[in-house]
Amino acid sequence: MTSEDKRRANYQNGHVPFPGIKTYVDPDTYEDPTQAVHEFTKEIDPSRIRIERVIGAGEFGEVCSGRLRTPGKKEIAVAIKTLKGGYVERQRRDFLREASIMGQFDHPNIIRLEGVVTKSRPVMIVVEYMENGSLDSFLRQHDGHFTVIQLVGMLRGIASGMKYLSDMGYVHRDLAARNILVNSNLVCKVSDFGLSRVLEDDPEAAYTTTGGKIPIRWTAPEAISYRKFSSASDAWSYAHKLDAPLKCVHVGPTATD
Ligand code: ADE
């Protein structure tokens, strides 16, 4: 393939050819979304995965914790999302769409995709393990135990992750504390790139006059009125769902107390 052919092929796949600037490619722009899974994710041999326990219920099946043996033989802690049996092709495609999105990102404040299992059952998405779970429950459980420095550090991390997503041209649409994961070092990472459930399953969602479902309390006015989601409406969500609530968290004793 000549470089011109490559450039054209990339363009047709949704890559915008700005040299040196990587932009997000919507897997739905692929005629065959399986191609996007191949392009943006790594297939993991299931023998490298050890599932240890169920830690939650995802939209498509159980979420488990476990260990992944890396090619260098080291074991790392992982979270494993599974696709429960009896799925139809559309569910498999929607499930794997999140992996195709996550696999394009590489940032310390974005949840890291380790890989996928698609060639055997159950189909799985394997991501880094975040010891402290979701930010909303973490804050509730430890209210009064954080210092201002720790809280501001968490906000900075999330802002940095969101800036990266915005630079990549990716709009999250459902930024909320429940979609942020926290690791053992209090590093916050943006997660939940499964666009399919955004408006249907959000507990805050309400029907608009046009019949659409939107998390009214926290959504930018232009997104409520005419579904104009953008990095600007993500920034609105950041301010209303993260910055303001985090400022309401009780601050714990400081070193000088
Ligand atoms: N729950 C959902 N995803 C998780 C992850 N990556 N780590 C820990 N708990 C999770």
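Structure shown above.
Residues numbered from 1 in each chain as written. Predicted model: local features only at pLDDT ≥ 70, side-chain atom pairs only at ≥ 80, totals over all residues. Heavy atoms only, no water.

**Q** I keep staring at the site of the ligand and nothing clicks. Help me out?
**A** In the vicinity of the ligand, the contacting residues are Ile55, Val63, Ala79, Val127, Glu128, Tyr129, Met130 and Leu181. The contact in question runs from a nitrogen atom of the ligand to an N or O atom on the backbone of Glu128, over 2.9 Å. The backbone of Met130 places a nitrogen or oxygen atom 2.9 Å from a nitrogen atom of the ligand. The protein chains hide 81% of the 260 Å² of surface that the ligand would expose on its own. Residue composition of the shell around the ligand, by class: 7 nonpolar, no polar and 1 charged. (Near = heavy atom within 4 Å. Polar contact = N/O pair within 3.5 Å; in protein donor to acceptor, adjacent residues only side chain to side chain. Areas by Shrake-Rupley, 256 points an atom, 1.4 Å probe, with all protein chains shown as cover. Nonpolar A, V, L, I, M, F, W, Y, C, P; charged D, E, K, R; others polar.)

**Q** Quick question: what am I supposed to make of the packing of aromatic side chains here?
**A** Remark: the centre distance and the inter-plane angle together describe each pair of aromatic rings, the angle taken between the planes. In this structure the tally under the stated criterion is 9 aromatic pairs. Considering the side-chain rings of Tyr24 and Phe105, the 6.2 Å spacing of their centres and the 35 degrees angle between planes classify their relative orientation as tilted. Taken together, the residues Tyr24 in the loop between α1 (3–12) and α2 (33–40) and Phe105 in the loop between α3 (89–102) and β4 (113–117) connect sequence positions 81 residues apart. A relative accessible area of 13% places Tyr24 in the buried class. On the basis of relative accessibility, which here comes to 8%, the residue Phe105 falls in the buried class. (Phe/Tyr/Trp six-rings, centres within 6.5 Å; stacked < 30°, edge-to-face > 60°. Helix = DSSP H or I, 4+ residues; strand = E, 2+ residues; numbered from the N terminus. Buried < 20%, exposed > 50% of the residue type's maximum accessible area, 1.4 Å probe, protein only.)

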